[in-house]
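# Descriptive structure summary
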Amino acid sequence: MIALKLAYSTNGYQNMTLTNAVSEIGKTGYQGVEILADTPHAFPPSTNANWVKDLKYELDKYQLEVSNINGNTVAGFFFDPTGEPTFEPSICNADKQKRSKRIAYTKACIDMAVELEAKNISITSGMCLPGNPPNQALIQLVESLKEIMEYAEAKQINVGIEYEPGLLVENGRELLEVIDLVGSDRLGANLDLGHAEVIGENLPELLSNFKNRIWNLHMEDIAYQKHYHLIPGDGTMDFDSIFRVLNEIEYDGFVTVELYTYSHDPIYASKRSYEFLERYINISI
């Protein structure tokens, strides 16, 4: 029997304020919400911003848990965001000052997790920019993560790395290696199954390999390994197989739907996603 909970990421509601997004997600019936720690929602991450009180009110009103603090992108550092994922400044950047800037932001995400009673945050490795080859970037990544994890451990917050095609850490094998290099029990995966599908990973094997290191699951559908997030059920992913393995490994965390591609019509996307996925919640497969 799977004891999962469904959440929806506010990065799919970027045409609304954070509190309105949370309200709509609660109305749909989700049990959790992922908070985007970026513009236009919670950037910079803060525990005393004027929106925190209103956010807590909405969370309490709809009895929503915070499935994750999403610190993957930082478009808020730029005056003119493009709408595309912005991974810089990253924690693998060759420039120490830029790495320090991202580390400070990540620590603020950890503080926000404590404030909102979330168990985890998510981050990415960043990209290998010109002049920063992978072997060098990996050293800088591990160094940054050790500082971040020391802070996270003190705050009792888990940190999940989300890998993605084109980043320094872009598959499950590489993420497991990084986890081993850093050596923290609180470092794991914010596992985006759509990303794994795009690069052709065996999803049942992947889930089994990570097992107790999955802090949050990002869920969307993918069609024919093209990296475009679709409403679950609209692509070619095998959800029966995915949820069967989740049952086998006894994953009892959040399945967080991530559909920033539908920010033009988020209520439609969130409702359809819920209708498709609710059949897998608390049902033995």
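Refer to the structure printed above.
Reading the values: rules and limits
- Residues numbered from 1 in each chain as written.
- Predicted model: local features only at pLDDT ≥ 70, side-chain atom pairs only at ≥ 80, totals over all residues.
- Heavy atoms only, no water.
- Helix = DSSP H or I, 4+ residues; strand = E, 2+ residues; numbered from the N terminus.
- Rg over C-alpha atoms; globule rule 2.2 N^0.38 Å.
- Buried < 20%, exposed > 50% of the residue type's maximum accessible area, 1.4 Å probe, protein only.
- Contact = heavy atoms within 4.5 Å.
- Arc of directions from axis to C-beta.
- Salt bridge = Lys/Arg side-chain N within 4 Å of Asp/Glu carboxyl O.
- Core = buried A, V, L, I, M, F, W, Y, C linked by side-chain atoms within 4.5 Å.
- Pairing = 2+ DSSP bridges.
- Right-handed = clockwise from strand over helix to strand, strands pointing away.
- Polar contact = N/O pair within 3.5 Å; in protein donor to acceptor, adjacent residues only side chain to side chain.
- Phe/Tyr/Trp six-rings, centres within 6.5 Å; stacked < 30°, edge-to-face > 60°.

## What to know about the overall build of the protein chain
When helices and strands are tallied, the protein chain shows nine helices and eight strands. Its C-alpha atoms give the protein chain a radius of gyration of 18 Å, within 12% of the compact-globule value 19 Å for 285 residues. Projected onto its principal axes, the C-alpha coordinates of the protein chain cover approximately 45 × 45 × 35 Å. Residue burial in the protein chain is summarised as follows: out of 285 residues, 57% are buried. In the protein chain, once contacts between residues fewer than 6 apart in sequence are set aside, the share between residues at least 24 apart is 77%.

## Describing helix H2 (residues 52–61)
Along H2, the residues that are buried comprise Val52, Leu55, Glu58 and Leu59. End-on view of H2: buried residues confined to an arc of 125 degrees, all on one side of the axis. Seen from the open side of H2, the exposed residues pointing more than 90 degrees away from its buried face are Lys53, Tyr57 and Asp60. Packing partners of the buried residues in H2 comprise helix H1 (18–28), strand E2 (32–36), strand E3 (65–70) and helix H3 (96–115).

## Topic: the pattern of salt bridges
On inspection of all chains with the given rule, the structure shows ten salt bridges. The partner of Lys56 in a salt bridge is Glu115, with the nearest N and O atoms 2.5 Å apart. Here Lys56, found in helix H2, pairs with Glu115, found in helix H3; they are 59 residues apart in sequence, far enough to count as distant. Residue classification places Glu115 among the partly exposed positions, given a relative accessible area of 30%. Taking the shortest distance from any N to any O, the salt bridge between Asp234 and Arg272 comes out at 2.7 Å. Within this pair, whereas Asp234 is found in the loop between strand E7 (214–219) and helix H8 (239–248), its partner Arg272 is found in helix H9 (residues 266–277), the two being separated by 38 residues in sequence. Overall, the relative accessible area of 37% leaves Asp234 in the partly exposed class. A residue is classified by how much of its surface remains accessible, and Arg272, at 27% relative accessible area, is partly exposed.

## Concerning the nonpolar core
In this structure, Ile35, Ile69, Leu207, Ile242 and Phe243 are the most contacted members of the largest nonpolar core, which totals 85 residues. When residues in this core are grouped by element, the largest group, seven residues, is from helix H4 (residues 134–155).

## Let's talk about the pairing of E3
The element E3 is extensively covered by neighbouring structure, given that five of its six residues are classed as buried. Here E2 pairs with E3 via five bridges, running parallel. Following the sheet pairing, Gly32 is matched in E3 by Glu65. For the crossover from E2 across H2 to E3, the handedness is right-handed. When E3 meets strand E4 (residues 120–123), the two strands line up parallel, connected through two bridges. Across the sheet, residue Ile69 finds its bridge partner in E4, namely Ile121.

## Topic: the side chain of His229
Tracing the backbone through its elements, the reader meets His229 in the loop between E7 and H8. A polar side-chain atom of His229 sits 3.0 Å from the main-chain carbonyl oxygen of Glu258.

## Quick word on the packing of aromatic side chains
For the coordinates displayed, the defined rule picks out nine aromatic pairs. Between Phe43 and Phe77, the aromatic rings sit 5.1 Å apart at their centres with planes inclined by 80 degrees, giving edge-to-face as the arrangement. Of the two residues, Phe43 is situated in the loop between E2 and H2 and Phe77 in the loop between E3 and H3; the sequence distance between them amounts to 34 residues. The class of Phe43 is partly exposed, set by a relative accessible area of 21%.

## Section: the environment of Leu187
Summarising the element assignment, Leu187 is placed in strand E6 (residues 187–192). Leu187 sits in the buried class, given a relative accessible area of 0%. Through-space distance from the C-alpha of Leu187 to that of Glu177 is 12 Å; in sequence the pair is ten residues apart. When neighbours within four sequence positions are excluded, Leu187 is seen to be in contact with Leu145, Met149, Val159, Ile161, Val178, Ile179, Val182, Arg213 and Trp215.

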